[in-house]
Amino acid sequence: PGSGWNFPEHDIASLGSLTTLILTNTSLTGPIPGSLGSLTSLVELRLAYNSLSGPIPGSFRSLSRLSRLELNNQAGSPLYGPIDAVASMPSLKTLWLHVNAFSGRIPPGLGTSAISLSDCRLNDNRLVGPIPASFSKLSSLQHLSLQNNLLVGSIPSLPSLSSFTYSGNNFCSALPGAPCAPETSALLSFLDSVNYPSSLLSSWDGDNPCASASGASSSWLGVTCDPLGKNVVSLNLPNSMLNGTISPSLANLTHLAKIVLRGN
């Protein structure tokens, strides 16, 4: 129907032997029901190109037989929240979550627990943090799409992949395998410890916090460099709605003379 329809949640919960559920482009609306997680025989779940909203239910952790999950390209107010619930599926081969509003870090479990993963498409979301190093140890992985997120750090070298896309992020280098500079790594560890606030993600870009320094100013919000624009000497982020912890990585900024984090 043109107005859309919601899952008949109670009816679905009774289908304990269901192995395949394909409802692609069928005008589905509303949240994904948590009762789907009780269908432990599911091998394929395809719900792409609908108008679903809300998070992935935590109950999806029970779908140990699931091989294919497609939740991509939701219209309107798309799916959001972390994707941790899909990281512990040992049979998962195809994971399509692209073109939504998922946020948080990419769970390392996608490279350790989801040991069968072959096709992983996470592009065009709001994912933050580094690309997990565990992806480099996943021999089954052939296709990895990460472009147009808010990812940071270095790009791992994944030569065994037939397709690896990662543009449109805030990596410190465009060259896979190239490490970040020591001062950049220290500040990115701090960013991780305060849970990647959007105000800093949009500003802390590139591999040199002092590259655009004019005098002592830096294009990185809250960062001040020495007059020559070579070393970080101050981190000034009062009343910035930061939460989390203060990373010990700041000790690696050997010229740092001032830290102001009051009012967070």
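It should be emphasised that the depicted structure is a prediction, and the values quoted were computed from it without experimental measurement.

Before going further, it helps to spend a moment on the overall build of the chain. Secondary structure summary: the chain contains four helices and 17 strands in total. Projected onto its principal axes, the C-alpha positions of the chain cover 65 × 40 × 30 Å. Taking all 264 residues of the chain together, 47% fall into the buried category. The long-range fraction of contacts in the chain, counting pairs at least 24 apart against all pairs at least 6 apart in sequence, stands at 50%. Looking at the chain as shown, the accessible area adds up to about 11,800 Å², and 53% of this sits on carbon and sulfur atoms. Of the charged side chains in the chain, 12 are positive and 12 negative; the average position of the first set lies 3 Å away from that of the second.

Scanning the model with the defined rule gives four salt bridges in all. Its salt-bridge partner being E70, residue R68 comes within 2.4 Å of it at the nearest N-O pair. Ionic pairing is found between R121 and D119, a salt bridge with its closest N-O pair at 2.9 Å. On the basis of relative accessibility, which here comes to 24%, the residue R121 falls in the partly exposed class.

What follows covers the environment of G229. Along the chain, the position of G229 falls in the loop between β15 (223–225) and β16 (232–236). Classification of G229 by relative accessible area gives buried; the value is 18%. For the pair G229 and S91, spaced 138 residues apart in sequence, the C-alpha to C-alpha distance is 51 Å.

So, about the packing of aromatic side chains. Under the defined criterion, the tally for this structure stands at five aromatic pairs. With a centroid separation of 4.8 Å and 55° between ring planes, the pair formed by F164 and Y166 is classed as tilted. Here F164 falls in the buried class, since its relative accessible area comes to 18%. An aromatic cluster is built from F164, Y166 and F171, whose rings are joined through pairwise contacts. Positioned above the aromatic ring of W96 is the side chain of R68, whose terminal nitrogen or guanidinium carbon lies 5.0 Å from the ring centre.

Structurally, a disulfide amounts to a covalent bond that connects the sulfur atoms of two cysteines. Counted by the stated rule, this structure contains two disulfides. Shown here is the disulfide that connects C172 with C180, its sulfur atoms set 2.1 Å apart. Given an S-S torsion of about -85°, the disulfide between C172 and C180 has left-handed geometry. Using a relative accessible area of 9% as the deciding quantity, one classes C172 as buried. On the accessibility criterion, C180 (15% relative accessible area) is buried. The disulfide bridge from C210 ends at C225, spanning 2.0 Å between sulfur atoms. Residues C210 and C225 are joined by a disulfide whose S-S torsion is about -95°; by sign, that bridge is left-handed. Highlighted residues: C210 in the loop between α4 (198–201) and β15 and C225 in strand β15, separated in sequence by 15 residues. The exposure class assigned to C225 is buried, which follows from its relative accessible area of 2%. Numbered by order of appearance in the sequence, the disulfide-linked cysteines of the chain pair as 1-2, 3-4.

Here five strands make up an open sheet; going across it, the order is β6-β8-β10-β12-β14 and the pairing parallel. Because the sheet does not close on itself, it has two edges, and the strands there are β6 (80–81) and β14 (170–171). Bridge analysis of β6 against strand β8 (residues 101–105) gives two bridges, and the strand direction is parallel. Its bridge partner lying in β8, G81 is registered against F102.

Formed by 47 residues in total, the largest nonpolar core has its most connected members in L36, F60, L95, L110, L117 and L122. Setting aside its immediate chain neighbours within four residues, F60 contacts I32, P33, L36, G37, L45, L69, A85 and M89. Grouped together as the second largest cluster of nonpolar side chains are 24 residues, F190, L201, W220 and V223 included.

Attention now goes to the pairing of β8. The two faces of a sheet get side chains in turn, since along a regular strand they alternate between them. Alignment of β8 against strand β10 (residues 126–129), held across three bridges, turns out to be parallel. Residue pairing across strands places R105 opposite V128, the latter belonging to β10.

To continue, consider the sheet that holds strand β5 (residues 68–70). Taking strand neighbours across the sheet as the criterion, the seven strands line up as β1-β3-β5-β7-β9-β11-β13 in an open arrangement whose pairing is parallel. Two strands lie at the open edges of the sheet, namely β1 (20–22) and β13 (163–165), each paired on one side alone. Taking each pair of neighbouring strands and ignoring which way they run, the sheet shows an average axis angle of 10°. Examined bridge by bridge, strand β9 (residues 119–121) and strand β11 (residues 143–145) share three bridges and lie parallel to one another. When the sheet's bridge partners are listed, C120 is paired in β11 with L144.

What counts, and where the lines are drawn
Residues numbered from 1 in each chain as written. Predicted model: local features only at pLDDT ≥ 70, side-chain atom pairs only at ≥ 80, totals over all residues. Heavy atoms only, no water. Helix = DSSP H or I, 4+ residues; strand = E, 2+ residues; numbered from the N terminus. Buried < 20%, exposed > 50% of the residue type's maximum accessible area, 1.4 Å probe, protein only. Contact = heavy atoms within 4.5 Å. Areas by Shrake-Rupley, 256 points an atom, 1.4 Å probe, with all protein chains shown as cover. Lys, Arg positive; Asp, Glu negative; His and termini not counted. Charge placed at Lys NZ, Arg CZ, Asp CG, Glu CD. Salt bridge = Lys/Arg side-chain N within 4 Å of Asp/Glu carboxyl O. Phe/Tyr/Trp six-rings, centres within 6.5 Å; stacked < 30°, edge-to-face > 60°. Lys NZ or Arg CZ within 6 Å of the ring centre and 35° of its normal. Disulfide = S-S within 2.5 Å. Pairing = 2+ DSSP bridges. Core = buried A, V, L, I, M, F, W, Y, C linked by side-chain atoms within 4.5 Å. Axes fitted to C-alpha atoms, helices over the stretch in contact; angles between N-to-C directions.

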